[in-house]
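Structural features, examined
Spelled out, the chains give:
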Amino acid sequence: MQFKIGICQMMVMEDKVENIEKAESMIREAAGNGARVVVLPEMFNCPYENKYFPLYAEAYPGETTERLSLMAIESNIYLIAGSIPEQEGDHIYNTSFIFGPDGKLIGRHRKMHLFDIDVEGKIRFKESDTLGYGEEITVVETEFGKIGVAICYDMRFPELMRLMVLEGAEVIIVPAAFNMTTGPAHWDITIKARALDNQVYFVAASPARNMDATYHAYGHSSIVSPWGDVIAQADEKETILYGEIDLEKVKKVRRELPLLQHRRTTLYDVVKK
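Description of the structure in this document. As the structure is a computational prediction, the values presented were derived from the model and not from experiment. Each chain has its residues counted from 1, following the order in which its sequence is written. Per-residue local features of the predicted model are confined to residues with pLDDT of at least 70, and side-chain atom pairs are confined, for both listing and counting, to 80 or more; whole-chain, interface and lining totals are unaffected and use all residues. Working from all heavy atoms in the structure, the side-chain values ignore hydrogens and water.

Some thoughts on the overall build of the protein chain
Rule in force here: A run of DSSP states H or I qualifies as a helix once it reaches four residues; a run of E qualifies as a strand once it reaches two. Both are numbered from the N-terminal end. The atom set for the radius of gyration is the C-alpha atoms, and the globule formula is 2.2 Å times the number of residues raised to the power 0.38. Type-normalised accessible area, obtained with a 1.4 Å probe on protein chains alone, sets the label of each residue: buried when under 20%, exposed when over 50%, and partly exposed for intermediate values. Positive charges come from Lys and Arg alone, negative charges from Asp and Glu alone, with His and the N- and C-terminal ends not counted. Taken as the charge centre is NZ of Lys, CZ of Arg, CG of Asp or CD of Glu, depending on the residue.
Across its full length, the protein chain carries six helices and 14 strands. The C-alpha radius of gyration computed for the protein chain amounts to 17 Å, which stays within 12% of the reference 19 Å derived for 273 residues, consistent with globular compactness. Over its C-alpha atoms, taken along the principal directions, the protein chain stretches across nearly 50 × 45 × 35 Å. Counting across all 273 residues of the protein chain, residues that qualify as buried make up 57%. Seen as two clouds, the 30 positive and the 41 negative side-chain charges of the protein chain have centres 6 Å apart.

Remarks on the pattern of salt bridges
Note the following rule: A carboxyl oxygen of Asp or Glu within 4 Å of a side-chain nitrogen of Lys or Arg is what we treat as a salt bridge.
Considering all chains together, one arrives at 20 salt bridges under this definition. Of the charged contacts in the structure, one is a salt bridge between Lys16 and Glu58, with a shortest N-O distance of 2.7 Å. Of this pair, Lys16 sits in helix H1 (residues 16-32) while Glu58 sits in the loop between helix H2 (53-56) and helix H3 (63-75), and the two are 42 residues apart along the sequence. Summarising the burial analysis for this pair, Lys16 and Glu58 share the class buried. In this structure, Lys51 engages Glu49 in a salt bridge whose closest nitrogen and oxygen atoms are separated by 4.0 Å.

Considering the nonpolar core
Rules: Only buried residues count toward a nonpolar core. Its members are Ala, Val, Leu, Ile, Met, Phe, Trp, Tyr and Cys residues joined through side-chain atoms within 4.5 Å. Any pair of residues with heavy atoms lying within 4.5 Å of one another is described as a contacting pair.
Core analysis: the largest hydrophobic core is formed by 25 residues, its most contacted members being Met164, Ile172, Trp187 and Phe202. Broken down by secondary-structure element, the contributors of at least two residues to this core are helix H4 (158-166), strand E10 (171-175), helix H5 (182-198) and strand E11 (201-205). Among residues more than four places away in sequence, those in contact with Met164 are Ile137, Thr138, Val139, Gly148, Val149, Ala150, Ala169 and Ile172.

Regarding empty space enclosed by the protein
The gaps left among the atoms become clear once a water-sized probe is rolled over them. As a reminder, the rule being used: Each cavity reported here is a set of points on a 1 Å grid over the protein atoms alone in which a 1.4 Å probe fits but cannot get out, each pocket an open set with protein on both sides within 12 Å along at least five of seven lines, and each lining residue one with an atom within 4 Å of a point. Grid points are joined across faces, edges and corners, and a volume is the space filled by probe spheres set on the points. Here the nonpolar group is Ala, Val, Leu, Ile, Met, Phe, Trp, Tyr, Cys and Pro; Asp, Glu, Lys and Arg are the charged ones; every other residue, Gly included, is treated as polar.
Enumeration over the complete set of coordinates arrives at one cavity of 30 Å³ or more. The volume enclosed by the largest cavity comes to roughly 50 Å³. Forming the boundary of the largest cavity are Tyr48, Phe115, Cys152, Tyr153, Arg156, Ala177, Phe178, Asn179, Thr182 and Tyr215. By residue class, the composition of the lining of the largest cavity is seven nonpolar, two polar and one charged.

Describing the layout of surface pockets
Roughly 290 Å³ of volume is contained in the largest pocket. Looking at the lining of the largest pocket residue by residue, the class counts come to 13 nonpolar, two polar and five charged.

Remarks on the sheet that holds E11
Test applied: When DSSP finds two or more bridges between a pair of strands, those strands are recorded as paired. To obtain each axis, a line is fitted to C-alpha atoms, and for helices this fit is confined to the stretch in contact; angles are then taken between N-to-C directions over 0 to 180 degrees.
Ordered by their spatial adjacency, six strands build an open sheet running E8-E9-E10-E11-E12-E13, and the pairing between neighbours is mixed. Only two strands of the sheet have a single neighbouring strand rather than two, namely strand E8 (138-142) and strand E13 (230-233). Strand-to-strand twist across the sheet, computed as the mean angle between neighbouring axes with direction ignored, equals 15 degrees. Bridging between E11 and strand E12 (residues 222-224) involves three bridges; their strand directions are antiparallel.

Digging into the sheet that holds strand E5 (residues 105-110)
In space, the six strands of this open sheet follow the order E5-E4-E3-E2-E1-E14, with mixed pairing throughout. Both edges of this open sheet fall to E5 and strand E14 (239-246), since each of them pairs with a single strand only. Here the average twist between neighbouring strands, direction ignored, is 25 degrees. Pairing between strand E1 (residues 2-9) and strand E2 (residues 37-39): three bridges, direction parallel. Note that in E2 the partner of Ile5 across the bridge is Val37. Strands E1, E2, strand E3 (78-88) and E14 of the sheet are contacted by H1, whose axis makes an angle of about 40 degrees with E14. Together, E1 and E14 form the strand contacts of helix H6 (residues 247-256), whose direction differs from that of E14 by roughly 55 degrees.

Some details on unusual backbone geometry
Cis geometry is found at the peptide bond from Tyr60 to Pro61, where omega equals -5 degrees. Within the secondary structure, Pro61 sits in the loop between H2 and H3. Here the phi dihedral of Met43 falls at roughly 45 degrees; this positive angle occurs in a residue that is not glycine. On the accessibility criterion, Met43 (1% relative accessible area) is buried.

Focus: H3
Applied cut-off: A helix is expected to span 1.5 Å multiplied by its residue count minus one. It is the directions from the helix axis to the C-beta atoms whose arc is reported.
If you check H3, its first and last C-alpha atoms are 18 Å apart, about what 13 residues at 1.5 Å a residue would give, namely 18 Å. Looking at H3, one finds that the buried residues are Thr64, Thr65, Leu68, Ser69, Met71, Ala72 and Ser75. The arc that holds the buried residues of H3, viewed along the axis, is 160 degrees, so those residues lie on one side. Buried residues along H3 sit in contact with H1, E3 and strand E4 (91-99). Of the residues flanking the end of H3, it is Asn76, one or two places downstream, whose phi is positive at about 55 degrees.

As C-alpha cells, this is what we get:
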C-alpha cells in the first residue's frame, strides 16, 4: 500500500539525444534512491514550441520509447515517461507512454485538451496548430493499484479527473509544463483542488525552467495528498523530487469524508462516452 515516487524535473535542451540521456541519468538516480514509480515531465525530449514538434516526432516504437522501455527494465520501475511528440500517420500527438517494470507498454495517453490560449500582453500558444487531440481516458493497472495519467492542460478539466477516479484511480499523475503566466496564478490551487475533489494523490511533473528557451516552464513539481497536504514541492531548478505515497491514506480519507459516495447521481452525473 506504500511506495516511493520520484519526479525528474529535468532541464530540457534543444538536443534530443542529450535530453534522452539526461532522462536516463535521472531515472537511474531516482530508482537508486528507492523510487518504484518515476515520472518525467511534459515534452522532455523536445523544446516546448510548435516548430519543434514535427522535427522531434517519432512513431511508436521509436528511439525515445525503446530506450525508456529498457530503462524501466534496468531500474525495475513503473515509468510514466512524461510526454513526447508522437507521430502516427499524418498526425502528431502530445503523448505519455507508460511502462511497467518488465519494459512492456501498459498505457499511452494522448493529451485530450490542447493548449490554445491568448492571454493579452503575456502569452499566446496554440498547440492545435501542430498537434492532434487525444480521445482516450487513461487509467493503468499497477501492482500498487490504479493510476490515472493525463497531460498538463488536461488537469484543468475536473470532469476528466473524476472519470479517472470512477474507473478506480487512487493516484493521478500529470506531466505538465505550466508557464510563467499561468503557473504562479493557477498551478498550486489546481493541483490541490484536483487532489481534494477526488481524494487522490495528485502528482504534477514539470520541466525545470530554462531561461534560454522561448517557453519558460514554471517548474514547482508537486505531490499533494488526498487531504490536500503538500507532500513535496520543488522550486524552478533541475532536481529529483521524492514523495511517499500511502494508499491507505486514500482509503482513510474516503471513508471519513465520503464525498464520492455522496454524489447525487439521480440528479447529475459525469459519464464517459
